[in-house]
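So you can see what is in the structure, the chains are spelled out below.
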Amino acid sequence: MKLLVPIKRVVDFTVKVRVKPDGSGVDLENVKMSMNPFDEIAVEEAIRLKERGLANEIIVVSLGPAACQETLRTALAMGADRAVLVETDAELEPLAVAKLLKQIVAKEEPQLVILGKQAIDDDSNQTGQMLAALLDWPQGTFASKLEIAEGKATVTREIDGGLETLELPLPAVITTDLRLNEPRYTSLPNIIKAKKRPLDTLKISDLQTDIAPRSKTQKVGAPQPRKAGIRVNSVEELVTKLREEAKVI
Ligand code: AMP
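Residues numbered from 1 in each chain as written. Predicted model: local features only at pLDDT ≥ 70, side-chain atom pairs only at ≥ 80, totals over all residues. Heavy atoms only, no water.

Colleague: Before we go on, may I ask you to explain the overall build of the chain in this structure?
Modeller: Within the chain one finds six helices and 11 strands. Reported as C-alpha extents along the three principal axes, the dimensions of the chain are approximately 65 × 45 × 40 Å. In the chain, buried positions account for 41% of the 249 residues. For the chain, restricting intrachain contacts to residue pairs at least 6 apart in sequence, the fraction spanning at least 24 positions comes to 70%. Here the chain displays about 14600 Å² of accessible surface, and carbon together with sulfur accounts for 51% of that area. Between the averaged position of the 35 positive side-chain charges in the chain and that of its 37 negative side-chain charges there is a distance of 3 Å. (Helix = DSSP H or I, 4+ residues; strand = E, 2+ residues; numbered from the N terminus. Buried < 20%, exposed > 50% of the residue type's maximum accessible area, 1.4 Å probe, protein only. Contact = heavy atoms within 4.5 Å. Areas by Shrake-Rupley, 256 points an atom, 1.4 Å probe, with all protein chains shown as cover. Lys, Arg positive; Asp, Glu negative; His and termini not counted. Charge placed at Lys NZ, Arg CZ, Asp CG, Glu CD.)

Colleague: So what exactly am I meant to see when it comes to the site of the ligand here?
Modeller: Around the ligand lies a shell of 18 residues, among which Asp-39, Leu-63, Ala-119, Asn-125 and Thr-127 are the nearest. Separating a nitrogen atom of the ligand from a backbone N or O atom of Ile-7 is a distance of 3.5 Å. With respect to the ligand, the side chain of Asp-122 contributes an N or O atom lying 3.2 Å from an oxygen atom. The biggest single contributor to the shell around the ligand is strand E4 (residues 57–64), with three residues. Counted by class, the shell around the ligand contains seven nonpolar, eight polar and three charged residues. (Near = heavy atom within 4 Å. Polar contact = N/O pair within 3.5 Å; in protein donor to acceptor, adjacent residues only side chain to side chain. Nonpolar A, V, L, I, M, F, W, Y, C, P; charged D, E, K, R; others polar.)

Colleague: Teacher, can you tell me more about the pattern of salt bridges here?
Modeller: Opposite charge on two side chains permits them to pair, given that their charged atoms come into close proximity. Scanning the model with the defined rule gives 21 salt bridges in all. Between Lys-2 and Glu-108 there is a salt bridge, with the nearest N and O atoms lying 3.3 Å from each other. Highlighted residues: Lys-2 in strand E1 (residues 2–6) and Glu-108 in helix H3 (residues 94–108), separated in sequence by 106 residues. Residue class for Glu-108 comes out buried when judged on its relative accessible area of 9%. Here Lys-152 makes a salt bridge to Glu-167, at a shortest N to O gap of 4.0 Å. Of this pair, Lys-152 sits in strand E8 (residues 152–159) while Glu-167 sits in strand E9 (residues 162–169), and the two are 15 residues apart along the sequence. Among the charged side chains, a salt-bridge network with shared partners connects Lys-2, Glu-57, Arg-82 and Glu-108. (Salt bridge = Lys/Arg side-chain N within 4 Å of Asp/Glu carboxyl O.)

Pasting the structure below:
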């Protein structure tokens with residue numbers, strides 16, 4: 001079984017982002033970039049399936065600038081077999097990403113695509129769902145457990161009321177939730193070995209896809225700074241303040 005894992009290069013989750021003074025976006029100059037954390041979970045899950053003998057090839061794919069090669073190398077060092085970079089400097093919305101991934105799926109013919117549930121830069125939570133719709137494949141989103149047997153994927157999903165279990169015939173699209181697994185660290189020997197693994201680059205024009213954005217960002221702004229809190233000395237004082245100053249009771 002072939003697995004395809006789309007991974008996005010995003011601002012590292014530890015970075016406190018700064019908004020550009022003209023409000024046109026987030027300042028990415030000299031900012032640490034990393035693999036989207038949910039995509040690391042997707043790569044880890046794919047490797048575990050391969051280690052259990054349920055898959056024989058893991059292909060990671062990233063859509064973005066040339067620097068995404070670094071992110072793909074990280075996935076190869078974790079244990080992916082092969083990488084594909086669809087190189088573009090264009091801003092890609094989830095629909096454009098899903099359409100491009102559909103083309104990669106047609107070329108690679110994986111039985112399972114495992115994506116992150118969301119990218120932590122745009123927090124869209126759309127690409128996996130859109131890809132499943134475009135492919136007309138079943139989808140198991142927000143997976144916290146995944147089992148594969150007899151041509152079916154059994155996905156446990158975290159929903160408001162508890163856990164839901166779905167059985168999907170393959171091929172299928174899965175998106176990962178935080179509790180699915182804990183991704184492994186890459187060791188130095190694996191980082192060195194990963195340099196020899198194949199990494200193909202495609203130009204976006206090779207894929208003949210309409211990637212024009214459907215929405216326009218009006219303005220990006222930093223959240224209002226919060227006022228400092230105060231310490232009260234008694235429950236009575238707290239109730240008075242909530243009633244008279246905050247006017248919430
Ligand atoms: P989103 O819908 O933007 O929140 O992204 C959900 C998931 O789609 C991510 O966790 C990735 O697995 C995948 N994805 C989104 N954008 C890209 C990209 N530029 N390259 C590769 N995978 C992506």
